[in-house]
Amino acid sequence: RDLALANYQKALELSPRNMTVFAHIILLHAAQKDHDAAIALCERHMKKLHDAPPLLAVIHNIKGRIYSSQNKLNEAAKSDAYKKFDEAISWELD
């Protein structure tokens, strides 16, 4: 897993808009029950992709699902993950 994670992280550095690679990193963290690392990655990546609402929608959705998987619905609400996801989707459709 460490080698896979390192390779995915390098790929994400080279192509930060690749949501497939991003999702695989999140899945690796989730498999290791390292939800804090997954949330931290979401936070860092949102800062990098602040100018790409459709990609932010994906990240907000993933972040909300991480919180939901831990039954931390209050954290999801505090982070506005679902609200931001809906806003980004509506922005893209306008």
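To start, this report covers the structure provided alongside it. Everything numeric in this text was worked out from a predicted model, so none of it was measured.

1. Regarding the overall build of the protein chain
- In terms of helices and strands, the protein chain carries six helices and zero strands.
- Here the protein chain holds 94 residues, and 37% of them are scored as buried.
- Taking as baseline every contact in the protein chain between residues at least 6 positions apart, the subset at least 24 positions apart corresponds to 47%.

2. Overview of the pattern of salt bridges
- One pass over the full model with this rule turns up two salt bridges.
- Lys63 is the salt-bridge partner of Glu43, the closest N and O atoms lying 2.1 Å from each other. With Glu43 in helix α3 (residues 35-48) and Lys63 in helix α4 (residues 53-69), this residue pair connects regions lying 20 residues apart in the sequence.
- Given a relative accessible area of 32%, Glu43 falls into the partly exposed group.
- Judged by its relative accessible area of 4%, Lys63 falls in the buried class.

3. Description of α4
- Here α4 is 17 residues long and its end C-alpha atoms lie 24 Å apart, about the 24 Å a rise of 1.5 Å per residue gives.
- Along α4, 12 of the 17 residues are buried, which leaves the element largely enclosed by surrounding structure.
- Buried residues of α4: Pro53, Leu55, Leu56, Ala57, Ile59, His60, Asn61, Ile62, Lys63, Gly64, Ile66 and Tyr67, and no others.
- Among the residues trailing α4, Asn71 stands out with phi positive, at a value near 60°.

4. A short note on the nonpolar core
- Grouped together as the largest cluster of nonpolar side chains are 21 residues, with contacts concentrated most on Phe22, Ile26, Cys42, Ile59 and Ile66.
- Secondary structure elements with two or more residues in this core: α1 (2-14), α2 (19-31), α3 and α4.

5. Quick look at the packing of α3 against α4
- Where α3 contacts α4, the axes come no closer than 10 Å and their chain directions differ by 160°. Classified by the interaxial angle, the pair formed by α3 and α4 is roughly antiparallel. The interaxial crossing formed by α3 with α4 has left-handed handedness. Contact residues: His35, Ala38, Ile39, Cys42, Glu43, His45 and Met46 in α3; Leu56, Ile59, His60, Ile62, Lys63, Ile66, Tyr67 and Ser69 in α4.
- By residue class, the composition of the contact of α3 with α4 is nine nonpolar, four polar and two charged.

6. Description of the packing of α1 against α2
- Running from amino to carboxyl end, α1 crosses α2 at an angle of 150°, the nearest separation of the two axes being 9 Å. Comparing the axis directions of α1 and α2 gives the class roughly antiparallel. Here α1 and α2 pass one another in a crossing that is left-handed. Counted together, Ala4, Leu5, Tyr8, Gln9, Ala11 and Leu12 of α1 and Val21, Phe22, His24, Ile25, Leu28 and His29 of α2 form the full contact between these two elements.
- Looking at side-chain class alone, the contact of α1 with α2 contains nine nonpolar, three polar and no charged residues.

The rules we used
- All chains use their own residue numbering, which begins from 1 and follows the written sequence.
- With the structure being a predicted model, the display of local features is reserved for residues of pLDDT at least 70 and the display and counting of side-chain atom pairs for 80 or more, all residues being used for whole-chain, interface and lining totals.
- Calculation of side-chain values draws on the structure's entire complement of heavy atoms; hydrogens and water are dropped beforehand.
- For the purposes of this entry, the term helix denotes a DSSP run of H or I that reaches at least four residues, the term strand denotes a run of E that reaches at least two, and both are numbered from the N terminus.
- To sort residues, take the accessible area from a 1.4 Å probe on protein chains only and compare it with the maximum for the residue type: under 20% means buried, over 50% means exposed, and anything in between is partly exposed.
- Every residue pair with non-hydrogen atoms within 4.5 Å of one another is taken to be in contact.
- Any Lys or Arg side-chain nitrogen located within 4 Å of an Asp or Glu carboxyl oxygen qualifies as a salt bridge.
- Helix span is expected to be 1.5 Å times the residue number reduced by one.
- To form a nonpolar core, buried Ala, Val, Leu, Ile, Met, Phe, Trp, Tyr and Cys residues must be joined to one another through side-chain atoms within 4.5 Å.
- Here, axes are lines fitted to C-alpha atoms. For helices the fit covers the stretch in contact, and angles between N-to-C directions go from 0 to 180 degrees.
- Between 65 and 115 degrees an angle is taken as roughly perpendicular, under 35 as roughly parallel, over 145 as roughly antiparallel, and anywhere else as oblique.
- For a crossing to be left-handed, the near helix must be turned anticlockwise from the far one by less than a right angle; the clockwise case is right-handed.
- Note on residue classes: Ala, Val, Leu, Ile, Met, Phe, Trp, Tyr, Cys and Pro are nonpolar, Asp, Glu, Lys and Arg are charged, and everything else, Gly too, is polar.

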